[in-house]
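The lines below spell out each chain.
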Amino acid sequence: MPKRLTEDQIARYRKDGFCHPVPVLTAAEAAACRADLERYENEIGQPLDFPEKSKPHLLFKWADQVAHHPAVLDAVEDLIGPDILLYHITLWTKEAGTPSYVLWHQDGAYFFLEPAEQVTAWVALSDAPVEAGCMHVLPGSHEGPWRDHVDDLGPDNMIKRGQGIPGLEAERGVPMPLKTGEMSLHHTKLIHASGANGHTDRRIGVGLSYIPAHVRPYAEPKPTALLVRGRTHHDDFIMEERLTAPETSAARAAHKAAVSRFRARQDAGSKVAEAYVAS
Ligand SMILES: O=C(O)CCC(=O)C(=O)O
């Protein structure tokens, strides 16, 4: 008996590589998370950017709450079982009326995790209709091979490495629009992309990469991960500690250590890594 998803949603995830919409946050919860995020953005005078929008659960209360939300974890458990690690989070904010985009890609291309069972939960903190540049997916592409990706460092590309699969420019895919508080789920090999935000509001999504605890990393350096439900199966990850004191120097130190390991893995051999070395 599934905890959160319907049997139909689970069947669609297995067959198509994605399912949506899954209601997870109440309107009040989503508004509180957005308000907390925007309170901080007002303090720093700009939208949250890298490195803070990577692994924000190690810094900010709103991200910790989304990552541990029982409705989110129940849905993820329905797909990958009861022992769950959080490998990564990225905050995906597209400002209103901006050309920000994400090229066709597979999330796991540079995660270096096996087996390929990572699931991305994308939780909407604002409405994400088609006109706001919601994600589009190629149904069933998760059954295909890992694809070669190239780096596109265009200023409007929201992925830091700029990863994209060449040759898919003409594809339109199937949209996954969401309302505030809803979530989509997609498989690590599912090919997806998104385009510009022509809407009047910013589109704010929390992209959470969960893995079942039997998944192991390969390649160096050893990555960090956070146990969010159940138990771990091995010590191939450095275990993150759950945030207790948001936005403190201790939190910043833990965040910096975890993100630098993540980026060293994610950006290995890329133009972004060369730019780091040059700077
Ligand atoms: O937010 C977007 O438009 C893209 C997000 C994405 O690629 C992901 O969550 O895997």
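So, how was this worked out
Residues numbered from 1 in each chain as written. Predicted model: local features only at pLDDT ≥ 70, side-chain atom pairs only at ≥ 80, totals over all residues. Heavy atoms only, no water. Helix = DSSP H or I, 4+ residues; strand = E, 2+ residues; numbered from the N terminus. Rg over C-alpha atoms; globule rule 2.2 N^0.38 Å. Buried < 20%, exposed > 50% of the residue type's maximum accessible area, 1.4 Å probe, protein only. Pairing = 2+ DSSP bridges. Contact = heavy atoms within 4.5 Å. Axes fitted to C-alpha atoms, helices over the stretch in contact; angles between N-to-C directions. Core = buried A, V, L, I, M, F, W, Y, C linked by side-chain atoms within 4.5 Å. Salt bridge = Lys/Arg side-chain N within 4 Å of Asp/Glu carboxyl O. Disulfide = S-S within 2.5 Å. Near = heavy atom within 4 Å. Polar contact = N/O pair within 3.5 Å; in protein donor to acceptor, adjacent residues only side chain to side chain. Areas by Shrake-Rupley, 256 points an atom, 1.4 Å probe, with all protein chains shown as cover.

**Side note on the overall build of the protein chain**
- For the protein chain, the count of helices and strands is six helices and 15 strands.
- Over its C-alpha trace the protein chain gives a radius of gyration of 17 Å, about what one expects of a compact globule, namely 19 Å for 279 residues.
- Considering only C-alpha atoms, the protein chain reaches an extent of 45 × 40 × 40 Å along its principal axes.
- Counting over 279 residues, the protein chain shows a buried share of 55%.

**Looking at the sheet that holds strand 12 (residues 203–212)**
- Sheet architecture is open: seven strands sit in the order 1-10-5-12-2-14-15, paired in mixed fashion. Each edge of the sheet is formed by a strand with only one pairing partner; in this case those strands are strand 1 (18–23) and strand 15 (238–239).
- Both strand 5 (residues 119–124) and strand 12 contribute to a ladder of six bridges, which runs antiparallel. Counted as the bridge partner of Ala121 is Leu208 from strand 12.
- Across the sheet, helix 5 (residues 249–266) touches strand 2 (84–94), strand 14 (224–229) and strand 15, and the angle it forms with strand 2 is around 85°.

**Some points on the nonpolar core**
- Trp62, Leu185, Leu208 and Tyr210 are the most contacted members of the largest nonpolar core, which totals 43 residues.
- Top contributing element to this core by residue count: helix 4 (residues 70–80), with seven residues.
- Not counting chain neighbours up to four residues away, the residues in contact with Leu185 comprise Leu5, Tyr13, Gly17, Phe18, Cys19, Val22, Ala75, Val76, Leu79, Val119, Thr120 and Ala121.

**A closer look at the pattern of salt bridges**
- One pass over the full model with this rule turns up 19 salt bridges.
- In this structure, Asp64 engages Arg242 in a salt bridge whose closest nitrogen and oxygen atoms are separated by 2.8 Å. Highlighted residues: Asp64 in helix 3 (residues 61–67) and Arg242 in the loop between strand 15 and helix 5, separated in sequence by 178 residues.
- Given the relative accessible area of 7%, Asp64 is considered buried.

**A short note on the state of the cysteines**
- Taken as a whole and judged by the stated rule, the model has zero disulfides.
- Summary of cysteine pairing: Cys19 is not part of a disulfide, and the nearest cysteine sulfur, belonging to Cys134, is at 15 Å.
- Among the residues examined, Cys19 registers a relative accessible area of 0% and is labelled buried.

**A few points about the sheet that holds strand 9 (residues 174–175)**
- With antiparallel pairing, four strands are arranged side by side in an open sheet as 3-11-6-9. For this open sheet the edge positions go to strand 3 (102–105) and strand 9, each flanked by a neighbour on one side alone.
- Pairing geometry for strand 6 (residues 135–137) and strand 11 (residues 192–194), over three bridges, is antiparallel. Counted as the bridge partner of Val137 is His192 from strand 11.

**Concerning the site of the ligand**
- Neighbouring the ligand are Trp92, Lys94, Val102, His105, Asp107, Thr120, Trp122, Met135, His186, His192, Ser194 and Arg203.
- Here an oxygen atom of the ligand sits 3.4 Å away from a polar atom, N or O, in the side chain of Trp92.
- For the ligand, an oxygen atom lies 2.7 Å from a polar atom in the side chain of Arg203.
- Calculation on the ligand without its partners gives an accessible area of 290 Å², and the protein chains cover 98% of this total.

**Points about the side chain of Glu41**
- Considering the arrangement of structural elements, one finds Glu41 in helix 2 (residues 27–44).
- When neighbours within four sequence positions are excluded, Glu41 is seen to be in contact with Gln46, Pro47, Leu48 and Arg202.

**Here's the deal with unusual backbone geometry**
- A cis geometry characterises the amide bond from His20 onward to Pro21, with omega recorded as -10°.
- Assignment of secondary structure puts Pro21 in strand 1.
- For the peptide bond that leads from Phe50 to Pro51, omega is 0°, which places it in the cis range.
- At Phe112, a position not held by glycine, the phi torsion is positive, near 55°.

**Details of the environment of Ile165**
- Along the chain, Ile165 falls in the loop between strand 8 (163–164) and strand 9.
- Between the C-alpha atom of Ile165 and that of Gln106, which follows or precedes it by 59 residues, the distance is 8.4 Å.
- In this view, Ile165 contacts Trp104, His105, Gln106, Arg147, Asp148, His149 and Ile191; residues no more than four positions away in its chain are not counted.

These figures capture arrangement, not role.
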